[in-house]
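Report on the structure
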Amino acid sequence: MKSSFILLFILFPCICTNRMDKAEDFSFTHAPDETKSRFAMLDDVRILANGLLQLGHGLKDFVHKTKGQINDIFQRLSIFDKSFYELSLQTNQIKVEEEELKKTTTILKIKNEEVRNMSLEINSKINEILDDRTSLESKVGGLEQKLNGLTHNLPLPNELKEISTLKAIIEGQEKNIRDLVKVVHEQHTQLDQQKTQIKDLEEKLSYPTLQDNIDNSVSVVNTEPDVIPYLMMNTTDNKTSDKNDSPTDCNAVYLSGQTTSGIYAIKPNQSEPFHVYCEMTEEGGWTVIQHRMDGSVDFDQNWDKYEQGFGKLESEFWLGLEKTHAISRQGEYILHIDIEDWKNEKYFVEYTFRLSGKESDYTIHLHQVAGDLPISTNDQTGMKFSTKDRDNDKKDDFSCAQNYSGGWWFNACGDSNLNGKFIRVRPKGRLERRRVVNWKLSKGNSLYLKSTKIKIRPSDTGTLDRQS
């Protein structure tokens, strides 16, 4: 219907023009019929007007219908926008819950690894207990046989008398030994009190030689080193002279004529003298700052322990960050690392070495100059020292020292940890592998070590004058 009206509207001018032309032609030939032609045109106009009116009504209905459809579309769009906003809120909440779930999953993985490692350790201890039980059972069996043999061979009465006499003599000797130990302990206590009194007097009177005398008197009673704090004594086995003449490091000890490896007193950079273990080689004297070989010392210590040092110089020990800094700031030094894995393969590496002081948390600076290790520790250079109670690594929300054991210059938990946990079997879990004494290789594998040694010496071993 609408298309018919539109066609009629288009054809109307043509019809009118054609009719007008016919009317004009007719006017020349049929002048009397002019009135009839006009009425015919008015009928056509009426028909056209009626068509246009109907077309207008149709267009009006179409517009109203279109408006209704558009309003319906807008309502649906409003509902869609509201639904989309609610969906966005739910999506954000799901993302937050997902992040929390990831963190919880990470913690659970770590806990699972720890539980697994604990389970392995428990199984290992159970096996050890079973082995000990078997050994004890065999020993008990042997003792039962010996007991049966003794019951068949009871001593004679005169032998029993001799045994009683020997027992009385032994008890008397034990009593004398206990009395002597008590006397020595009392003397040691008195010497400690005298040492404290003389130290107080020394501080008041500023007589440094009094401290040397009391230290020499104490060394007569207790010359066996215990742990690192004993290093504050000034002499040992007459290998060094008075503290004012103490060498500055082990290379100075070597240049003074001492070529035997052992414990010596040094006094670097005008600090208080302390003892170190010197390893003498053809290259000169090396000052050992770390040594591990049997797991007898626990290296999972706090910041104060790593700063002051711990362990025994004649076995496993950590010299201490403060002492190492006092030595290294005297000039240019070389740091040498020796390692040996459980396959008895040995490696070494050397660096130019500098260690900053306490104010920068003992930042280390390394540059590799020699060695046959598959990968270097250059990722540690510029790193601060970290322990389980002071986290200075670059791994956010994670303490390498606390989770992987031992103090070290961790980067993002790093390629090596020579102060990790000492175990005699190859670790199975990933977390346990990170905790043990290890050196990471370039292809992702690691060397698991049974011995390590870290030592330093001056770059130019001939710069120090020989001492008398």
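Conventions and cut-offs
In this convention, every chain numbers its residues from 1, walking through the sequence in written order. For a predicted model such as this one, the threshold for reporting local features is a pLDDT of at least 70, and the threshold for listing and counting side-chain atom pairs is 80 or more; totals across whole chains, interfaces and linings nevertheless cover every residue. Side-chain figures throughout are based on the complete set of non-hydrogen atoms in the structure, without hydrogens or water. For the purposes of this entry, the term helix denotes a DSSP run of H or I that reaches at least four residues, the term strand denotes a run of E that reaches at least two, and both are numbered from the N terminus. Two N or O atoms form a polar contact when they lie within 3.5 Å of each other; inside protein one atom must be a possible hydrogen donor and the other a possible acceptor, and for residues adjacent in sequence the pair counts only when both atoms belong to side chains. Per-residue confidence from the prediction method is given by pLDDT, with values spanning 0 to 100. By definition in these notes, contact holds between two residues if any of their heavy atoms fall within 4.5 Å. Patches draw on residues past 30% relative accessible area with no salt bridge. Two like charges within 9 Å are joined, as are two nonpolar side chains (Val, Leu, Ile, Met, Phe, Trp, Tyr) within 5 Å. Per-residue accessibility takes into account occlusion by the displayed protein chains alone, with areas from the Shrake-Rupley method and a 1.4 Å probe. Every case where a carboxyl oxygen of Asp or Glu lies within 4 Å of a side-chain nitrogen of Lys or Arg is listed as a salt bridge. For every residue, the accessible area (1.4 Å probe, protein chains only) is compared with the maximum for its type, and the residue is labelled buried under 20%, exposed over 50%, or partly exposed between those bounds. Ring pairs shown here join Phe, Tyr and Trp side chains whose ring centres sit within 6.5 Å, with only the six-membered ring taken for Trp; geometry is labelled stacked below 30 degrees between planes, edge-to-face above 60, and tilted in between. Any Lys NZ or Arg CZ that is within 6 Å of a ring centre and within 35 degrees of that ring's normal is treated as a charge sitting over the ring. Two strands qualify as a pair provided DSSP detects at least 2 bridges between them.

Next up on the list: the side chain of N392. Counting through the fold element by element, N392 comes out in the loop between β8 (364–371) and α8 (400–404). Within the structure, the side chain of N392 is placed 3.5 Å from the side chain of D361, a separation counted as a polar contact. Within polar-contact distance, the side chain of N392 engages the backbone oxygen of F385 at 2.7 Å.

Our next topic: the confidence of the model for the chain. For the chain, the average pLDDT comes to 77, and 71% of its residues sit at 70 or higher. Within the chain, the element-level pLDDT minimum falls on helix α4 (residues 208–221), averaging 41, and the maximum on strand β5 (residues 317–318), averaging 97. Every residue in residues 19–31 is under pLDDT 50, and counting partners more than four places away or in other chains gives five contacts. Of the regions scoring below 50 in pLDDT, residues 207–227 engages in 29 contacts with residues more than four places distant in sequence or in other chains.

Here we take up a nonpolar patch on the surface. Taken together, the side chains of I70, I73, F74 and L77 make up a nonpolar region of the molecular surface, amounting to roughly 390 Å² of accessible area. The exposure class assigned to L77 is partly exposed, which follows from its relative accessible area of 43%.

Let us now look at the packing of aromatic side chains. The final tally for this structure, using the stated rule, is 13 aromatic pairs. Ring geometry for W342 versus F422: centroids 6.0 Å apart, planes at 65 degrees, classification edge-to-face. Linking W342 in the loop between β6 (333–341) and β7 (346–355) with F422 in the loop between β9 (416–417) and α9 (430–435), this pair joins segments that are 80 residues apart in sequence. For W342, a relative accessible area of 35% corresponds to the partly exposed category. When the centroid spacing of 5.3 Å and the interplanar angle of 65 degrees are considered together, the rings of W408 and W409 count as edge-to-face. Grouping residues by exposure puts W408 and W409 together as buried. By way of ring pairs, the aromatic residues F299, W303, Y306, F310, W318, Y362, F385, W408 and W409 are connected into one cluster. Directly above the ring of W303 sits R390, whose terminal nitrogen or CZ lies 4.2 Å from the centroid. Above the ring of F398, the side-chain terminus of K395 is found at 5.8 Å from the ring centroid.

Burial analysis of strand β2 (residues 274–281) places six of its eight residues in the buried class, the great majority of the element. Direction of pairing for strand β1 (residues 262–266) relative to β2: antiparallel, over a ladder of five bridges. Following the sheet pairing, A265 is matched in β2 by H275. Looking at chain direction, β2 and strand β3 (residues 284–292) are connected through five bridges and run antiparallel. Across the sheet, M280 pairs through a bridge with G285, a residue of β3. Taken together, β2 and the strand that follows it, β3, pair antiparallel across an intervening segment of two residues.

Attention now goes to the pattern of salt bridges. Evaluation of the coordinates by the stated rule reveals ten salt bridges. The partner of R46 in a salt bridge is D43, with the nearest N and O atoms 3.0 Å apart. On the criterion of helical spacing, the pair formed by R46 and D43 is a turn pair, its members being three residues apart in helix α2 (residues 34–152). The residue E279 makes a salt bridge to K455 at a minimum N-O spacing of 2.4 Å. Linking E279 in strand β2 with K455 in strand β11 (residues 446–458), this pair joins segments that are 176 residues apart in sequence. Taken individually, E279 and K455 each receive the classification buried, so the pair is uniform in this respect. Put simply, E279, D338, K453 and K455 are held in one network by salt bridges that share partners.

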